[in-house]
Every structure is written in structure tokens, then in C-alpha cells.
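# Summary of structural features
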Amino acid sequence: MTGNGTLTRADLAESVNRHVGLSRAEAAALVESILEHMSTALERGENVKISSFGTFVLRDKTERMGRNPKTGVEVPIEPRRVLTFRASQTMRDRVASA
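Residues numbered from 1 in each chain as written. Predicted model: local features only at pLDDT ≥ 70, side-chain atom pairs only at ≥ 80, totals over all residues. Heavy atoms only, no water.

What follows deals with the overall build of the protein. Each helix and strand counted, the protein has three helices and five strands in total. Order of helices (α) and strands (β) in the protein, N terminus to C terminus: α-α-β-β-β-β-β-α. Taking 98 residues into account, the globule formula puts the C-alpha radius of gyration at 13 Å, and the protein, at 19 Å, lies well above it. Dimensions of the protein, computed from the C-alpha atoms along their principal axes, are close to 60 × 35 × 25 Å. Residues counted as buried form 19% of the 98 residues belonging to the protein. Nonlocal contacts in the protein, meaning residues at least 24 apart in sequence, comprise 29% of its contacts between residues at least 6 apart. Between the averaged position of the 15 positive side-chain charges in the protein and that of its 12 negative side-chain charges there is a distance of 7 Å. (Helix = DSSP H or I, 4+ residues; strand = E, 2+ residues; numbered from the N terminus. Rg over C-alpha atoms; globule rule 2.2 N^0.38 Å. Buried < 20%, exposed > 50% of the residue type's maximum accessible area, 1.4 Å probe, protein only. Contact = heavy atoms within 4.5 Å. Lys, Arg positive; Asp, Glu negative; His and termini not counted. Charge placed at Lys NZ, Arg CZ, Asp CG, Glu CD.)

Shown next, in the form of C-alpha cells:
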């Protein structure tokens, strides 16, 4: 993991390189392939579930009224699709005990 406490693609590729024995280039290509496959599934409107990790869920939000906090004027908020992540119970337990 990088010094700032964030896990990056390079960190994932390095871990695959060490644990699986693929070359650095092959490990990086594998990580990119997995992330591309997940992204493509989400673009098609599919949820992505990774057992013992969690689920990436697409939600369609309807139009609603919001308020400009500076002026107080009500403005419509356009409908949109949002991506959420729901951690599995296994992941929640691991994070809670860390």
C-alpha cells in the first residue's frame, strides 16, 4: 500500500506478482482486466457481487426538489444513476475487528 493509506492498482498488481508469481506486466494486465470487466458490467446496468467482499449496486434516483443553501431558492435535482457499495457481513466483521 502506498504511504498515504490508499490501496492502488499498482499495489494490487504488486500483490498478484508476489503471491501468484506472474510477471509485473502480467499482474498489471490481470488487475486491469478484472477492473475493466467490472466497469463494463456496471455500464450495462448490472450489479457486481464479489463473495465475502461486497456488492456494487446501481440505483436510479428520481427527480426531487433541493434547496440552494446560500440563497434558499428551491431547485429541481435531475434524476440520475448512482453507484453504491454494500460490504458483505464478512467484510464488515473484518473491518470492525481491525
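Attention now moves to the sheet that holds strand S2 (residues 54–61). Ordered by their spatial adjacency, three strands build an open sheet running S1-S2-S5, and the pairing between neighbours is antiparallel. Across the chains shown, the open sheet's two edge strands, defined by having one partner strand only, are strand S1 (48–50) and strand S5 (80–87). Neighbour-to-neighbour, the strand axes of this sheet turn through a mean angle of 25°, independent of strand direction. Note: S2 against S5, eight bridges, orientation antiparallel. Bridge assignment links aspartate 60 to a residue of S5, and that residue is arginine 81. Helix-sheet contacts for helix H2 (residues 24–43) involve S1, S2 and S5, and the interaxial angle to S1 is about 140°. (Pairing = 2+ DSSP bridges. Axes fitted to C-alpha atoms, helices over the stretch in contact; angles between N-to-C directions.)

Trans peptide bonds make up most of the peptide bonds, and negative phi angles are found at most residues other than glycine. Although it is not a glycine, serine 52 adopts a positive phi angle of roughly 65°. With respect to the secondary-structure elements, serine 52 resides in the loop between S1 and S2.

Where helix H1 (residues 9–20) contacts H2, the two axes come as close as 8 Å, and the packing angle between them is 125°. Classified by the angle between their axes, H1 and H2 sit oblique to one another. Here H1 and H2 pass one another in a crossing that is right-handed. Of H2, the residues touching H1 (which contributes Arg9, Leu12, Ala13, Glu14, Val16 and Asn17) are Arg24, Ala27, Ala28, Leu30, Val31, Glu32 and Leu35. A per-class count over the contact of H1 with H2 returns eight nonpolar, one polar and four charged. (Parallel < 35°, antiparallel > 145°, perpendicular 65-115°, else oblique. Left-handed = near helix turned anticlockwise from the far one by under 90°. Nonpolar A, V, L, I, M, F, W, Y, C, P; charged D, E, K, R; others polar.)

The subject of this paragraph is the packing of aromatic side chains. Enumeration over the complete set of coordinates arrives at two aromatic pairs. Between phenylalanine 53 and phenylalanine 85 the ring centres are 5.4 Å apart and the planes differ by 55°, which places this aromatic pair in the tilted class. Residue phenylalanine 53 is found in the loop between S1 and S2, and its partner phenylalanine 85 is found in strand S5; the two are separated by 32 residues along the sequence. Since its relative accessible area comes to 35%, phenylalanine 53 is described here as partly exposed. On the numbers, 4.8 Å between centres and 50° between planes, the contact of phenylalanine 56 with phenylalanine 85 is tilted. (Phe/Tyr/Trp six-rings, centres within 6.5 Å; stacked < 30°, edge-to-face > 60°.)

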